[in-house]
Amino acid sequence: MATVGFNPTKIRTTPSFQPHKPISTFFTSFSSKPTKKLPLKLSQSSAKSPPSPRPLRGGSVSESSVSAPLQEEPGTVDDEEKEQEGEEDEDNDDPTAELCYLDPEADPETITQWEMDFCSRPILDIRGKKIWELVVCDRSLSLQFTKYFPNNVINSITLKDAIVSITDELGVPLPDKIRFFRSQMQTIITKACKELGIKPIPSKRCLSLLLWLEDRYETVYIRHPGFQKGAKPLLALDNPFPMQLPENLFGDKWAFVQLPFSVVQQEASSLETKYVFGANIDLDLLGIEIDADTLIPGLAVASSRAKPLAGWMNGLEVCSMEADAARASLILSVGISTRYVYATYKKTPVTTSEAEAWEAAKKACGGLHFLAIQNDLDSDDCEGFWLLLDLPPPPV
């Protein structure tokens, strides 16, 4: 089964569907009364394992003030250029180093949205206390910044000063928005952002950041001299019991569907060419490649008021859809930790099999799926289209 990995270059990901019963696209009203069933068979393809991620390369690094110093071995290199390259590689290989990088080809004025994590790491400093780390990037990873902090300076003032220092060191303007995914840090991040005139957005749609943290765990944290194996994350992600869906978010009918990835790309690109609501994911920027004929699972929702419904959904940070076969329901995740019972259906062996097959198809695609809102389930046009990537929580 293919998995979605992270690489600053490209990761070749060719999802394949595992053998199981075909998904039947069944049209169901939100009152859980099936109205139509259509057989929809899954395709079979071979999965290829992605190459191992490589560490990110930054423009400048500095030694952490709270980490053990790096022991450098003396050596001589005849060629000055090779010596400089060797020093750069050595710095990038140092797990105690901090990162401050801006892609020289990027236009700083276009980097208007950041993704941020401010949390402790499974690393102890010289006092035996857990180190905290600020990690900041934009969705294209043109901007990359990391900085370690001792645990006795964690507050909104420290964070605000750090945000300003990023703009000063990299020559970029303050962002319009900053997304973050830890509810426990909402108070500190919100206060720091508002004092700088930045809009804080609690959202798990920090995809570049989440994948980068996963990569840093494997390439940086576990190699740090203060790493504590087996340490659990101090601020674990919330996964609360789903709530009742607000009345204005109800649709009339829904269906499990599948579309070839090439068609999904066309629908997602329509967000830039048509006046429809929704959100896209630039898979190229994340280094994720999927075969054009791979079937991507999705949820189609029909409503007589499709455009207002799409508009209301657009005001949420839609993160993922989940088919909960055990509870015979669909779960909509938005923001950081808000989960809604989006729809329910009558639990039967057939519907349970369909829900499990849909979830299996999503897993086989590395979590990639979509949500489409239409006037009619037979319509060729969407009023809203969200490309979604359901990622596991980071290991830190």
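See above for the structure.
So, a few notes on the structure that sits alongside this text. These numbers come from a predicted model, not from an experiment.

A few words now on the pattern of salt bridges. Scanning the model with the defined rule gives eleven salt bridges in all. Of the charged contacts in the structure, one is a salt bridge between glutamate 317 and arginine 179, with a shortest N-O distance of 3.1 Å. Taken together, the residues span a long stretch of sequence, with glutamate 317 in the loop between α6 (306-314) and β16 (318-324) and arginine 179 in strand β9 (residues 177-180) at a distance of 138 residues. Between lysine 362 and glutamate 359 there is a salt bridge, with the nearest N and O atoms lying 3.1 Å from each other. Note that lysine 362 and glutamate 359 are positioned in helix α7 (residues 349-364) at a spacing of three residues, about one turn of the helix.

Bringing the sheet that holds β16 into the picture now. Ordered in space as β11-β18-β17-β16, the four strands form an open sheet in which the pairing is mixed. Edge strands, defined here as strands with exactly one partner in the open sheet, are β11 (243-244) and β16. Pairing of β16 with strand β17 (residues 329-334) involves six bridges; the strand directions are antiparallel. Bridging from a neighbouring strand, glutamate 322 pairs with isoleucine 331 of β17.

Of the residues making up helix α3 (residues 186-195), those classed as buried are Ile188, Ile189, Thr190, Ala192 and Cys193. Of the surrounding secondary structure, the elements contacted by the buried residues of α3 are β6 (113-124), α2 (156-170), β9 and β10 (199-202). The first or second residue beyond α3 is glycine 197, which carries a positive phi of 75°.

Let's shift gears to the packing of α2 against α3. The contact between α2 and α3 brings their axes to 8 Å, and the two run at 50°. With respect to their mutual orientation, α2 and α3 come out oblique. The element α2 and its partner α3 pack so that their crossing is right-handed. Two secondary-structure elements touch here, α2 through Ser156, Leu159 and Lys160 and α3 through Ile188, Ile189, Lys191, Ala192 and Glu195. Looking at side-chain class alone, the contact of α2 with α3 contains four nonpolar, one polar and three charged residues.

Bringing the pairing of strand β19 (residues 368-374) into the picture now. Within β19, seven of the seven residues are buried, leaving the element largely enclosed by the surrounding structure. Covered by surrounding structure in β19 are Leu368, Phe370, Ala372 and Gln374 together with His369, Leu371 and Ile373, the residues of both alternating faces. Direction of pairing for strand β15 (residues 295-302) relative to β19: parallel, over a ladder of five bridges. By the bridge assignment, valine 301 is partnered in β19 with isoleucine 373. Judged from the six bridges that link them, β19 and strand β20 (residues 384-389) form a sheet pairing that is antiparallel. Looking across to β20, one finds that histidine 369 is bridged to leucine 388.

Rules behind the numbers
- Sequence order sets the numbering: in each chain, residues are counted from 1 along the sequence as written.
- At least 70 in pLDDT is required for a residue's local features to be given in this predicted model, at least 80 for side-chain atom pairs to be given and counted, and no such filter applies to totals for whole chains, interfaces and linings, which use all residues.
- Hydrogens and waters are ignored; side-chain quantities use all the structure's heavy atoms.
- The term salt bridge refers to a pairing of a side-chain nitrogen on Lys or Arg with a carboxyl oxygen on Asp or Glu at a separation within 4 Å.
- Strands here mean DSSP runs of E at least two residues long; helices mean DSSP runs of H or I at least four residues long; both are numbered from the N terminus.
- By the convention used here, strands pair only if DSSP detects at least 2 bridges between them.
- Accessibility here uses a 1.4 Å probe with only protein chains present; expressed as a share of the type maximum, an area under 20% marks a residue as buried, one over 50% as exposed, and anything in between as partly exposed.
- Should any heavy atoms of two residues lie within 4.5 Å, those residues are counted as being in contact.
- Throughout, an axis means a line fitted to C-alpha atoms (over the contacting stretch in the case of helices), and angles, computed between N-to-C directions, take values from 0 to 180 degrees.
- Working rule for angles: under 35 degrees goes down as roughly parallel, over 145 as roughly antiparallel, 65 to 115 as roughly perpendicular, anything else as oblique.
- Each crossing gets its hand from how the near helix is turned against the far one by less than a right angle, where anticlockwise is left-handed and clockwise is right-handed.
- Lys, Arg, Asp and Glu make up the charged group, whereas Ala, Val, Leu, Ile, Met, Phe, Trp, Tyr, Cys and Pro make up the nonpolar group; the residues left over, Gly among them, are polar.

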